[in-house]
Amino acid sequence: MIRASASGGAARPRFASAPSIDRIGLAASEDCRFVIFRADEQRMTSTLFAGGDWRWRLVTTGGTILAEAAGYPSESTCRLAVSILQKRAATAEVATLG
């Protein structure tokens with residue numbers, strides 16, 4: 001879900017809040033895709049976060065963000081993580097910490 005910016009280019013995705021349980025339920029019937037992008041600089045109050053790291057999102061065709069991750073130093077490392085997820089997630093065990 002990449003929106004066009006006012007200048008005509010593609011706007012960079014921003015981290016989103018968790019989807020509601022209703023949206024997740026609807027998303028179960030939608031197709032999904034991974035979106036890979038490079039983060040821009042972000043300024044929060046007086047602290048500057050450099051950005052520039054590579055990130056991925058798992059997004060439904062309806063635009064619901066189901067999962068996202070950040071902090072990859074290169075696009076190839078980010079793509080490798082997505083590739084591993086595509087191959088291994090269906091058989092991964094679910095564990096609860098704490």
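Relevant structure appears above.
The following paragraphs examine the structure supplied in this document. Remember, predicted model here, so these are calculated numbers, not experimental data.

As for the environment of tyrosine 72
Residue placement: tyrosine 72 occurs in strand β5 (residues 65-72). Separated by 3.4 Å, the side chains of tyrosine 72 and tryptophan 56 make a polar contact.

Considering the sheet that holds strand β4 (residues 54-60)
With antiparallel pairing, three strands are arranged side by side in an open sheet as β1-β4-β5. Looking at the sheet topology across the chains shown, the edges are occupied by β1 (32-38) and β5. If you compare each strand with its neighbour and ignore which way they point, the axes differ by 15 degrees on average. In this structure, β4 lies alongside β5, joined through five bridges in antiparallel fashion.

Calculation notes
Residues numbered from 1 in each chain as written. Predicted model: local features only at pLDDT ≥ 70, side-chain atom pairs only at ≥ 80, totals over all residues. Heavy atoms only, no water. Helix = DSSP H or I, 4+ residues; strand = E, 2+ residues; numbered from the N terminus. Polar contact = N/O pair within 3.5 Å; in protein donor to acceptor, adjacent residues only side chain to side chain. Pairing = 2+ DSSP bridges. Axes fitted to C-alpha atoms, helices over the stretch in contact; angles between N-to-C directions.

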